[in-house]
Amino acid sequence: MDARLLDILVCPICKGNLEYRKADQELVCKPCKLAFPIRDDIPIMLEDEARQLAADEQ
């Protein structure tokens with residue numbers, strides 16, 4: 001994942017900062033409790049594609 005891209009990406013819902021989780025290939029928005037997948041180095045920033053974070057993941 002390109003570091004420059006990570007610097008400009010924000011959550012599409014709340015416009016908050018995202019945390020990159022390399023091992024899971026996800027971008028996480030803690031306020032929204034959503035994890036957006038990264039497929040083939042492309043972040044999928046669609047609410048329908050995001051998964052809800054479990055309580056122990058936050």
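Just so you know, these numbers come straight off a predicted model, no measurement behind them.

**Student:** What's the story with the overall build of the protein chain in this structure? I'm lost.
**Tutor:** Secondary structure summary: the protein chain contains one helix and five strands in total. Reading the protein chain from its N terminus to its C terminus gives the helix and strand order α-β-β-β-β-β. Computed over its C-alpha atoms, the radius of gyration of the protein chain comes to 10 Å, within 12% of the 10 Å expected for a compact globule of 58 residues. A principal-axis box enclosing the C-alpha atoms of the protein chain has dimensions of 30 × 25 × 20 Å. Going through the 58 residues of the protein chain one by one, you find that 33% of them count as buried. Pairs at least 24 apart in sequence give 21% of the contacts found in the protein chain among residues at least 6 apart.

**Student:** I would appreciate a short explanation of the nonpolar core in the present structure.
**Tutor:** In a soluble, globular protein the nonpolar side chains are often hidden away together inside. The biggest cluster of nonpolar side chains holds 10 residues, and these are Leu-9, Cys-11, Leu-18, Leu-27, Cys-29, Leu-34, Phe-36, Ile-38, Met-45 and Ala-50. Mapped onto this core, the elements with two or more residues apiece are β2 (26-29) and β3 (34-39). Take this core: its biggest share by element is three residues, from β3. Sequence-distant contacts of Leu-27, defined by excluding residues within four places in its chain, comprise Leu-6, Leu-9, Leu-18, Glu-19, Tyr-20, Leu-34, Ala-35, Phe-36, Ile-38, Pro-43 and Met-45.

**Student:** Help me understand the pattern of salt bridges, please; the structure alone is not making it clear to me.
**Tutor:** Pairing between side chains of opposite charge can happen when their charged atoms approach one another. Under the criterion given, the structure shown has six salt bridges. Between Arg-39 and Glu-49 there is a salt bridge, with the nearest N and O atoms lying 3.0 Å from each other. In this pair, Arg-39 sits in strand β3 while Glu-49 sits in the loop between β4 (42-43) and β5 (51-52), placing the two residues 10 residues apart along the sequence. Judged by its relative accessible area of 42%, Arg-39 falls in the partly exposed class. Three or more residues joined by partner-sharing salt bridges are found here, namely Glu-19, Arg-21 and Lys-30.

What counts, and at which threshold
Positions within a chain are numbered from 1, following the residues in the order the chain's sequence is written. The model is predicted, so local features are restricted to residues of pLDDT at least 70 and side-chain atom pairs to those at 80 or more, both for listing and for counting; the totals for chains, interfaces and linings are taken over all residues. With hydrogens and water set aside, each side-chain value is computed from the structure's full complement of heavy atoms. Numbering of helices and strands starts at the N terminus; helices are DSSP runs of H or I of at least 4 residues and strands are runs of E of at least 2. Values of the radius of gyration come from C-alpha atoms, whereas the globule rule sets the reference at 2.2 Å times the count of residues to the power 0.38. Relative accessibility thresholds used throughout: buried, under 20% of the residue-type maximum; exposed, over 50%; partly exposed, between the two (1.4 Å probe, protein chains only). For this analysis, residues touch if any pair of their heavy atoms sits within 4.5 Å. Among the buried residues, those of types Ala, Val, Leu, Ile, Met, Phe, Trp, Tyr and Cys that are joined through side-chain atoms within 4.5 Å form a nonpolar core. Here, a salt bridge means any Lys or Arg side-chain nitrogen found within 4 Å of an Asp or Glu carboxyl oxygen.

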